Amino acid sequence: MKKLLYLCTFFENKCVTNRYIAMKEDNAIDKLVPMLQNPATRNKAMAELMRLTKHTLYWHIRKMVLVHEDADDVLQNTYIKIWKSVESFKGESQFYTWMYRIATNEALTFMAQQRMQNVQVPMDYEDLMIERMEADAYYDGDAMQTKFQKAIMTLPEKQRLVFNMRYFEDKSYAEIAEITGTSEGALKASYHIAAEKITAYIKNQDD
Amino acid sequence: MENNMENMEKKLPFEVPENYFEGFEEKMMAKIEAMEAAEAKEVKMKKVRDINTAGSSKPMWGKWATGVAAAAVVLVGVFTVLNLRNDVSQTGEEIMMAASDEEYYDVLNEELSTLEIEEALAQIEFEYEY
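Sequence positions are assigned chain by chain, starting from 1 and proceeding in written order. Whichever chain is written first is A, and whichever ligand is written first is 1; the rest continue in order. It should be noted that, the model being predicted, local features are given only for residues of pLDDT at least 70 and side-chain atom pairs only at 80 or more, the latter also being counted only at that level, while totals for whole chains, interfaces and linings use all residues. To get the side-chain values, all heavy atoms of the structure are used, and hydrogens and water are removed first.

### Digging into the packing of aromatic side chains
Each aromatic ring pair is summarised here by two numbers: the centre-to-centre distance and the angle between the ring planes. Our working rule: Stacked, edge-to-face and tilted labels apply to pairs of Phe, Tyr and Trp rings (six-membered ring for Trp) whose centres lie within 6.5 Å, assigned for plane angles under 30 degrees, over 60, and everything in between, in that order. Under the scheme applied here, a residue whose accessible area is under 20% of the maximum for its type counts as buried, over 50% as exposed, and between as partly exposed, the area being computed with a 1.4 Å probe on protein chains only. A positively charged side chain is recorded as over a ring if its NZ (Lys) or CZ (Arg) lies within 6 Å of the ring centre. The angle to the ring normal must also be within 35 degrees.
Applying the stated criterion across every chain yields a total of 18 aromatic pairs over all chains. A centroid spacing of 5.0 Å and a plane angle of 85° characterise the contact between A:Y58 and A:W59, whose relative ring orientation is edge-to-face. Since its relative accessible area comes to 23%, A:W59 is described here as partly exposed. Put simply, the rings of A:Y58, A:W59, A:Y79, B:Y20, B:F21 and B:F24 pair up and form one aromatic cluster. Over the ring of A:W83 we find A:R42; its NZ or CZ atom is 4.0 Å from the centre of that ring. Stacked on the ring of A:Y173, the Lys or Arg A:R166 has its end atom at 4.5 Å from the ring centre.

### Observations regarding the side chain of A:E169
Residue and element names in this part refer to chain A. Where we set the bar: Elements are defined by DSSP. Helices are runs of H or I of four residues or more, strands are runs of E of two residues or more, and each kind is numbered from the N terminus. In this analysis, two residues are considered to be in contact whenever any of their non-hydrogen atoms come within 4.5 Å of each other.
Tracing the backbone shows E169 in the loop between α8 (157-167) and α9 (173-180). Of the residues examined, E169 reaches a relative accessible area of 18% and is grouped as buried. Leave out the neighbours within four places in its chain, and E169 touches H60, K63, Y100 and N164.

### Brief notes about the nonpolar core
Short version of the rule: Definition used in this section: a nonpolar core is a set of buried Ala, Val, Leu, Ile, Met, Phe, Trp, Tyr and Cys residues joined via side-chain atoms within 4.5 Å.
Counting residues in hydrophobic clusters, the biggest one holds 70 residues, and the most contacted among them are A:M46, A:L49, A:Y79, A:F95 and A:F163. A total of 11 residues in this core trace back to one element, the largest contributor, which is helix α5 (residues 95-117) of chain A.

### What to know about the environment of A:R42
Residues and elements named next belong to chain A. The condition is simple: Under the rule applied, a polar contact is a pair of N or O atoms within 3.5 Å (in protein, one hydrogen donor and one hydrogen acceptor; residues adjacent in sequence only if both atoms are side-chain atoms).
Mapping R42 onto the fold places it in helix α3 (residues 42-65). Here R42 is in contact with M35, L36, W83, K84, V86 and E87, once residues within four sequence places are set aside. Within polar-contact distance, the side chain of R42 engages the backbone oxygen of L36 at 3.5 Å. Here W83 takes part through its backbone oxygen, which lies 2.4 Å from a polar atom of the side chain of R42.

### Some details on the pattern of salt bridges
Once the charged atoms of two side chains with opposite charge are near each other, the side chains can pair. Residues and elements named next belong to chain A. Applied cut-off: The working definition used for a salt bridge is a side-chain nitrogen of Lys or Arg within 4 Å of a carboxyl oxygen of Asp or Glu.
Summed over all chains, the structure comprises 11 salt bridges over all chains. One salt bridge in this structure joins D136 and R62, with 3.4 Å as the shortest N-O distance. Of this pair, D136 sits in the loop between α6 (125-135) and α7 (143-153) while R62 sits in helix α3, and the two are 74 residues apart along the sequence. Just as D136 is buried, R62 falls in that class too. One salt bridge in this structure joins E157 and R115, with 3.1 Å as the shortest N-O distance. Here the residue E157 occupies a position in helix α8, and R115 occupies one in helix α5, the gap between them amounting to 42 residues. Grouping residues by exposure puts E157 and R115 together as buried. Overlapping salt bridges bring together R115, E126 and E157 as one network.

### Some remarks on the confidence of the model for chain B
Residues and elements named next belong to chain B. We apply this condition: For every residue, the predictor assigns a confidence score, pLDDT, that lies between 0 and 100.
The predicted model of chain B averages 67 in pLDDT, with 45% of residues at 70 or higher. Within chain B, the lowest mean pLDDT, 45, falls on helix α6 (residues 117-122), and the highest, 88, falls on helix α2 (residues 24-54). Predicted confidence is poor over residues 109-130, with pLDDT under 50, and the contacts of this stretch with residues over four places away or in other chains come to 60 contacts. Complex prediction metrics read pTM 0.69 and ipTM 0.79.

### Some thoughts on unusual backbone geometry
Phi at A:L66 takes a positive value of approximately 70°, unusual for a residue other than glycine. Relative to the helices and strands, A:L66 resides in the loop between α3 and α4 (68-85). A:L66 sits in the buried class, given a relative accessible area of 0%. Notably, B:N19 is not glycine yet its phi reads approximately 65°, a positive angle. Here B:N19 shows up in the loop between α1 (4-7) and α2.

Below, the structure is given as C-alpha cells:
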C-alpha cells in the first residue's frame, strides 16, 4: 500500500489516491458504529461521522439534485435519517454502503417530491432541473460542461445514478452493486447504454 | 466522437458557498439536539396527560368513543403497513408518504433492493414509476 501511495503521489494519480483515502476512511467509519449505538458516545461519534463523510455524501447528492440548496436539504435529511436509524444498523452491509443507500434514497425521494410539486408546470421535470441548475449561483459550467450535464439528464433517474457513481466517483461495479442491490452484469450493461446515449446526445447537438 | 467522454474533464461544474463544509457538523448537531429535545418534551407531556386522565371518571359513551377511535387508528395503521408490505414496486414518494419514520426504516432496505435498476437498466427505454 505504501508503494502504491508513493506511485500515486509520483504520478499525481488522484483517482487511485482518492480510493486509498476512501479505504482508510472506511475503517475509521466502521470504528464509529459501536460508539454511535451507545447513547453515552453518540453525539460525539455523530459529529465525527459527519466530519468524515460530509464531502462524499454531499457530492453524491449534488450530482443527483444539481442545485446546491437542494443538495444541502437532502444532506441534512440524510444525517437525520442516519441518526434516527443507526441503532437498528445490524452490520448486514458495510456501514459506508448503508449510509450511501440512505443518501441515495433521500435524493430519489426528494426528486419524487419535486416532480409531484411541479406536475402543473408545462415543462419536463428534467428540463426544469437543468433550468434551475443553470440559474444556481453555485453553477459554474462552460458550454461543454452544460451540454454534458444536459446529456446526463436525458438518462432515466436510476441510470443517471449509476452513471454518476461510475464516471465521476470512480466507484467499482462491485461497490455500486452493493449500494444499489443490483448485479454487476446489469450495471455494466447500464453504464454502457448510458455512455452511448450521452455520446449520441452530444453528437446530435454538435451536428 | 467515441472519445468524447474520454476527453471530457471529470471536473464537475458545481461549486459550494464559501465555508459551507466548515462548521457543518456543529450546525447539524445543534439541529439534531434541538430535534431530540423537542421529542423528549413531547414524550414528557404525553406522560403528564396520561397521568392526568388516568383517574378521571369518563362517562360510558366517552370510553366507547375512545375505544372506537383507537380501533380506527389501529386499522388504518394495519392497512398502511399491509399496503407497504404488499407493494413490491415501492417508489420514493410512497415511502415519503409512509405515516411514520419507523415505517420508513422498515421499507428503506426493501426499497433499495427493489430499485428495479436491474430490470430497468437491461432495457434501453425506462418507464418512470413516478
